[in-house]
Every structure is written in structure tokens, then in C-alpha cells.
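Observations on chain architecture
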Amino acid sequence: MIRIGIDIRPALHKRTGVGNYVLNLVQSLAKLSVDEEFVLFSNSFKDRFDIDEFKELQNCSIRHFRYPNIALNLLWERFGGNILQKLTGDPNVLHFTGQIPKNPGNLPSIATVHDLFNIKFPESVSPEFRISAQKFARSLKKIKKIIAVSEYTKTDLTNFLKIPEEKISVIPHGIDTKS
């Protein structure tokens, strides 16, 4: 059995496009891959994940940490993805759906990239997000496999960040049939 760690933090807050993507991804993967174990990890000092979202899924467990985000970010900066590996019970692969640690660690890692807006148009975001976008770009180069949600995003990844095409798979968003 393969243990897959998935970062579900984008689904913690008011649901946006990425939060809905994460929620639907986990629910669909868990139903399609019943022989796999999914370790869903999140972090927030204030917000808690609604466990009812995954009640019917037998192959999912949630590891929620009540650290302030700044504390987890500092741990990531210091220890990279290896700290997540330990906190999530040593999965075989980590899937990042939002922020990526500076050093994803030794585990195979996957990241979903929706767009490079903050990188392409830094003048349109706050200085804090510019720094975050620069760190994201550096970290993304260390990820083993990247899921781009469109050919356009794949082109941006290769043109702006010089990521090799063979490292990127295009998997468009699906359709939420429950809405």
C-alpha cells in the first residue's frame, strides 16, 4: 500500500477555486484508489478542517497541526520537506497543492500549479507576496513532478522558470458534478 501525503491547507478557509480543487481531488483520488492510503495534512492556529468532508472515505486520515503558520514556515525553512515527512507519518510521496517548502526533502514530491500570476506580474501583488512567489519559484525547481492545470501554465513554467517540459504533466481541472 502506498501512503500519499496531500497538503489540504488551501481547503481550510473560505472555499476558493484552489480550495475546491483540493477537496475534489482528495475525494476523487480516495474513491478511485481504494488500495492507497491518503494522509491529509493541514496547519492553522485558528482554522480547523471539517472532518465531515471525508467521513465516508475509509482510506483517508487527517493530520492537523495547530502551529501558527509562521512557526511551520520557519520549520520548513530550517528542515525542508523532511519535517513534513515526519509530521505526516512517513508517506511514500508528498503532493503540495499550495505552498512548497524551500527543500522538499528526499521523498518523491508532486506540486500542482494553477498559474504563475504572482511571478509574471509582481507589480500587481504586495511585497510580501512577491517574496513568497520568488521562494515558490525556487522551491518548484526541486519538485520531482509538476501538475500544470493547462497548457498555458505549462508554457509559463518552461518559459519563466526554465523547468524542463518532461517534468510537467498537464492535467486540467475536472468538473464538479455535485454543484
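In what follows, the structure referred to is the one given above.
Attention here is on the structure that accompanies the text. All values derive from a computational prediction rather than experimental measurement.

Thoughts on the environment of Phe45
On the secondary structure map, Phe45 appears in the loop between β2 (37-43) and β3 (60-65). Of the residues examined, Phe45 reaches a relative accessible area of 52% and is grouped as exposed. Considering only alpha carbons, one finds Phe45 and Ile70, 25 residues apart in sequence, at a separation of 9.9 Å. The residues contacting Phe45, other than those within four sequence positions of it, are Arg66, Tyr67 and Pro68.

Focus on the nonpolar core
If you look at the biggest cluster of nonpolar residues, it comprises 24 residues, and the most contacted ones within it are Phe96, Leu140, Ile146 and Leu157. Only α2 (69-79), α3 (81-87), β4 (93-96), β5 (109-113), α5 (127-140) and β6 (145-148) provide two or more residues apiece to this core. In this structure Leu140 touches Ile100, Ala111, Val113, Ile146, Leu157, Leu161, Ile163 and Lys167, once residues within four positions along its chain are discounted. One finds Ile8, Ala11, Val22 and Leu57 within the second-largest nonpolar core, a separate group that totals 14 residues.

What to know about the packing of aromatic side chains
For the coordinates displayed, the defined rule picks out one aromatic pair. With centroids separated by 5.4 Å and ring planes inclined at 45°, the aromatic side chains of Phe117 and Phe121 adopt a geometry described as tilted.

A short note on the sheet that holds β2
Judged by pairing direction, the sheet is parallel, and its seven strands sit side by side in the order β3-β2-β1-β4-β5-β6-β7 without closing on themselves. One side of each edge strand has no neighbouring strand; the edge strands of this open sheet are β3 and β7 (168-170). Each strand axis lies, on average, 20° off the axis of its neighbour in the sheet, ignoring direction. Sheet topology note: the β5/β6 ladder contains four bridges and is parallel.

Some words on the environment of Gln27
In this structure, Gln27 sits in helix α1 (residues 17-32). Between the C-alpha atom of Gln27 and that of Cys60, which follows or precedes it by 33 residues, the distance is 9.2 Å.

Overview of the side chain of Ser139
One can find Ser139 in helix α5. If we ignore the near neighbours within four places in the chain, the residues touching Ser139 are Ile100, Pro101, Lys102 and Pro104.

A few points about unusual backbone geometry
Residues other than glycine seldom take positive phi values, yet Asp90 does so here, at roughly 55°. Mapped onto the secondary structure, Asp90 falls in the loop between α3 and β4. Positive phi, close to 60°, is recorded for Lys162, a residue that is not glycine. You can see Lys162 is positioned in the loop between α6 (151-160) and β7.

As for the pairing of strand β1 (residues 3-7)
When you tally the buried positions in β1, you get five out of five residues, the bulk of the element. Side chains Arg3, Gly5 and Asp7 project from β1 onto one buried face, and the interleaved Ile4 and Ile6 project onto a second face that is buried too. Note: β1 against β4, three bridges, orientation parallel. The residue of β4 that forms the bridge with Ile6 is His95.

Definitions and cut-offs
Residues numbered from 1 in each chain as written. Predicted model: local features only at pLDDT ≥ 70, side-chain atom pairs only at ≥ 80, totals over all residues. Heavy atoms only, no water. Helix = DSSP H or I, 4+ residues; strand = E, 2+ residues; numbered from the N terminus. Buried < 20%, exposed > 50% of the residue type's maximum accessible area, 1.4 Å probe, protein only. Contact = heavy atoms within 4.5 Å. Core = buried A, V, L, I, M, F, W, Y, C linked by side-chain atoms within 4.5 Å. Phe/Tyr/Trp six-rings, centres within 6.5 Å; stacked < 30°, edge-to-face > 60°. Pairing = 2+ DSSP bridges. Axes fitted to C-alpha atoms, helices over the stretch in contact; angles between N-to-C directions.

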